[in-house]
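Below are the chains, spelled out letter by letter.
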Amino acid sequence: MAAVHGDVHGHGHDDHHPTGIMRWVTTTNHKDIGTMYLWFSLAMFFTGGFLAMGIRAELFQPGIQILEPELFNSFTTLHGLIMVFGAIMPAFVGFANWQIPMMVGAPDMAFARMNNWSFWLLIPAALLLISSFFVPGGAAAGGWTFYPPLSTQGGLGVDMMLFAVHILGASSIMGSINIITTVLNMRAPGMTLMKMPLFVWTWLITAYLLVLAMPVLAGVVTMLITDRHFGTSFFNAAGGGDPVLFQHIFWFFGHPEVYIMILPAFGIVSEIIPTFSRKPLFGYSSMVYATASIAILSCIVWAHHMFTSGMPTVGQLFFMYATMLIAVPTGVKVFNWTATMWKGEMTFETPMLFAIGFIFLFVIGGFSGVICAIVPIDIQVQDTYYVIAHFHYVLVSGALFALFGGAYYWLPKWTGHMYDETLGKWHFWLSMIFFNMAFFVQHFLGLAGMPRRIPDYALQFADFNMISSLGAFGFGLTQLLFVYIVIKCIRSKEPAPEKPWDGAKTLEWTHLPTPAPYHSFETPPVVK
């Protein structure tokens, strides 16, 4: 991105840090906090993955095998909540904490103590979600979107879930304020906004989206709580309320939310592709404008989740066209990634494989999204497995693959050791094959009419469900390989090269030793 001037070890040589458990409990260091976010999200990924394995085991054959219908509904509900709020989002915040100060030349995050608090709020929220399975009445079972009237009727498990969502929202708001302040106020001299790495740009825009969307979620959750316990009727028609109002407020948060989960992935991919193509990112400024356009448009498309809830035709048309418009800046990004690779000196290390896999499969998810945006088609496929196929293509082969790519890309910088390249490639190809096995056939199930969120199904859906379940089990097992690769990398004796990727041009590679020192930039670097 920018040439760097000055002492390569511009961090001084003071590398003291506290040790023992209190180092982690009380830390204000952005790298420690980033590490805790990443381990937390990995733990939640396996928790949500366990629930997914339960869902797919039940759906392996028609009939009720292992999960009672109510427990099955709790599994789908908590799988969604844990994966979205516990796995994907904290993982990207972990990347932000680790990378943003190093990429803009800052000594740490702007609000270091608030950063610690943002992380530790996640623990009680996760405990609330998981322990809700064990209270009378069981966990929430109304879907991760917790529409009323189901969410106004459930027991204690629903209250625990609502409280957890509140806490997670508070954590996200604090994290985003921190990121915005760090990026706007703490860049190194010469690091103008348009010289920032794309990952920093995508996170800045994501942080603004979080500050906009999370209070809306807090509002709708509060309205649900007062409906449940304090006699209000926001969503109760008998008391003059409207259950569809909940859907509008929820999705006004929920649609920006899904872009919150993909924009940092775009940022990671926009760092990996130029590095392994050994040329600068094609169309840098158009990438920035495309990201901002996606963020703005994401706020005017929410009701495409509600085409079957009785909207006037003019509303359906507006939301259909607005949704299809988002394909334009997204297409600009895909074109720019492709153009960056064009005639580059490409090599295919694991981060690059995940980035290319991301582009390929994310585009499939993008296409099925445009298909869902077309009102007459959506009326057919709404609440079927077609929708599940769509959002897993953008969230698993989109967000998650980008996270894997970023982890392999920065592990040498974080740990000072190189991961096992052969095992990394195995992880990629097994993930790629099993992911498509699990989710591609779900498009067919959805088009054939299989509804989502059900534990049993008609016989004609049996074959594709068996294929999907086998793919899901394979995908879940493959992720154990990832944990092995990461632990093997951390415990490796061999130091990583100073700059393992010769195409890497951002500050954390050009201006900091490997592994990154405990304190990043005590003297700010000067960016030419």
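The name given to the chain in an unreviewed UniProt entry is Cytochrome c oxidase subunit 1, and the organism recorded there is Nitrosomonas marina. Per its UniProt entry, the chain bears the Sequence similarities (unreviewed entry) comment "Belongs to the heme-copper respiratory oxidase family." Per UniProt, the chain carries the Pathway (unreviewed entry) text "Energy metabolism; oxidative phosphorylation."

Chemist: Which residues make up the packing of helix 3 (residues 69-104) against helix 9 (residues 263-277), and what values go with them?
Modeler: Two numbers describe how helix 3 lies on helix 9: the axes approach to 11 Å, and their chain directions differ by 50°. Classified by the interaxial angle, the pair formed by helix 3 and helix 9 is oblique. Remark: the crossing between helix 3 and helix 9 carries left-handed chirality. Along its contact with helix 3, which presents Phe92, Phe95 and Met103, the element helix 9 presents Pro264, Ala265, Ile268 and Glu271. Among the residues making up the contact of helix 3 with helix 9, the classes are represented as six nonpolar, no polar and one charged.

Chemist: For helix 3, give the residues involved together with the corresponding values.
Modeler: Over its 36 residues, helix 3 runs 50 Å from end to end, which matches the ideal 52 Å to within 8%, given 1.5 Å per residue. At Met83, helix 3 shows its maximal kink, close to 35°. Burial analysis of helix 3 places 32 of its 36 residues in the buried class, which makes it a mostly covered element. Gly105 lies just past helix 3 and shows a positive phi near 80°.

Chemist: Give me the lowdown on a nonpolar patch on the surface, citing residues and values where you can.
Modeler: Residues Phe440, Phe444, Phe464 and Ile467 make up a contiguous nonpolar surface patch of roughly 310 Å² in combined accessible area. Put simply, the parts of the chain that give the nonpolar patch at least two residues each are helix 16 (421-447) and helix 17 (462-491). In this structure, Phe444 sits in helix 16. Take Phe444: its relative accessible area is 35%, and that puts it in the partly exposed class.

Chemist: Give a description of the domain arrangement of the chain that names residues and reports values.
Modeler: The domain architecture assigned to the chain consists of domain 1 (17-261) and domain 2 (265-516). The centre of domain 1, based on its C-alpha atoms, is set 19 Å off from the matching centre of domain 2. Listed by partner, the interface residues are 57 residues for domain 1 and 68 residues for domain 2. It is Arg56, Phe60 and Leu198 that lose the most area in domain 1 upon contact with domain 2, and together they represent 13% of the buried surface on that side. Elements supplying a minimum of two residues to the side of domain 1 that touches domain 2: helix 2 (30-58), helix 3, helix 7 (198-229) and helix 8 (243-260). The element best represented in the side of domain 1 that touches domain 2 is helix 3, accounting for 13 residues. When grouped by side-chain class, the residues that make up the side of domain 1 that touches domain 2 number 40 nonpolar, 13 polar and four charged.

Chemist: Requested: an account of the UniProt feature "domain: Cytochrome oxidase subunit I profile" (unreviewed entry) in the chain, with residues and values cited.
Modeler: Mapped onto the present numbering, the UniProt feature "domain: Cytochrome oxidase subunit I profile" (unreviewed entry) falls at residues 24-528. The annotated region residues 24-528 carries 70% helix and 0% strand content, and the separation between its end C-alpha atoms amounts to 36 Å.

Chemist: Could you give an account of the environment of Thr514, with specific residues and numbers?
Modeler: The topology assignment puts Thr514 in the loop between helix 18 (507-510) and strand 2 (526-527). Between the alpha carbons of Thr514 and Ala125 there is a distance of 35 Å; along the sequence they are 389 residues apart. Setting aside anything within four residues of it in sequence, one finds Thr514 in contact with Pro412, Lys413, Gly416, Ala496, Pro497, Glu498 and Trp509. At 3.0 Å, the side chain of Thr514 forms a polar contact with the side chain of Lys413. Within the structure, Thr514 has its side chain in polar contact with the backbone oxygen of Glu498 (distance 2.6 Å).

Chemist: An account of the packing of aromatic side chains is needed here, citing residue identities and associated values.
Modeler: Scanning all chains against the criterion turns up 54 aromatic pairs. Judged by centre distance (5.8 Å) and plane angle (80°), the rings of Phe282 and Phe335 are edge-to-face. With Phe282 in the loop between helix 9 and helix 10 (284-297) and Phe335 in helix 12 (residues 327-341), the pair connects residues that are 53 residues apart, well separated along the chain. Look at Phe282 and you get partly exposed, because its relative accessible area is 40%. Their ring planes at 70° and their centres at 6.4 Å tell us that Tyr393 and Phe440 sit as a pair that is edge-to-face. Taken together, the positions of Tyr393 in helix 15 (residues 385-415) and Phe440 in helix 16 put the pair 47 residues apart, joining distant regions of the chain.

Thresholds applied
- Residues numbered from 1 in each chain as written.
- Predicted model: local features only at pLDDT ≥ 70, side-chain atom pairs only at ≥ 80, totals over all residues.
- Heavy atoms only, no water.
- UniProt positions renumbered as here; feature names shortened; annotations may be inferred.
- Axes fitted to C-alpha atoms, helices over the stretch in contact; angles between N-to-C directions.
- Helix = DSSP H or I, 4+ residues; strand = E, 2+ residues; numbered from the N terminus.
- Parallel < 35°, antiparallel > 145°, perpendicular 65-115°, else oblique.
- Left-handed = near helix turned anticlockwise from the far one by under 90°.
- Contact = heavy atoms within 4.5 Å.
- Nonpolar A, V, L, I, M, F, W, Y, C, P; charged D, E, K, R; others polar.
- Expected span 1.5 Å × (residues − 1).
- Bend = angle between axes of the 7 residues up to and from the residue.
- Buried < 20%, exposed > 50% of the residue type's maximum accessible area, 1.4 Å probe, protein only.
- Patch = residues over 30% accessible without salt bridge, like charges linked within 9 Å, V, L, I, M, F, W, Y side chains within 5 Å.
- Areas by Shrake-Rupley, 256 points an atom, 1.4 Å probe, with all protein chains shown as cover.
- Salt bridge = Lys/Arg side-chain N within 4 Å of Asp/Glu carboxyl O.
- Domains from an automatic or database assignment.
- Buried area = accessible area lost by both parts, 1.4 Å probe.
- Polar contact = N/O pair within 3.5 Å; in protein donor to acceptor, adjacent residues only side chain to side chain.
- Phe/Tyr/Trp six-rings, centres within 6.5 Å; stacked < 30°, edge-to-face > 60°.

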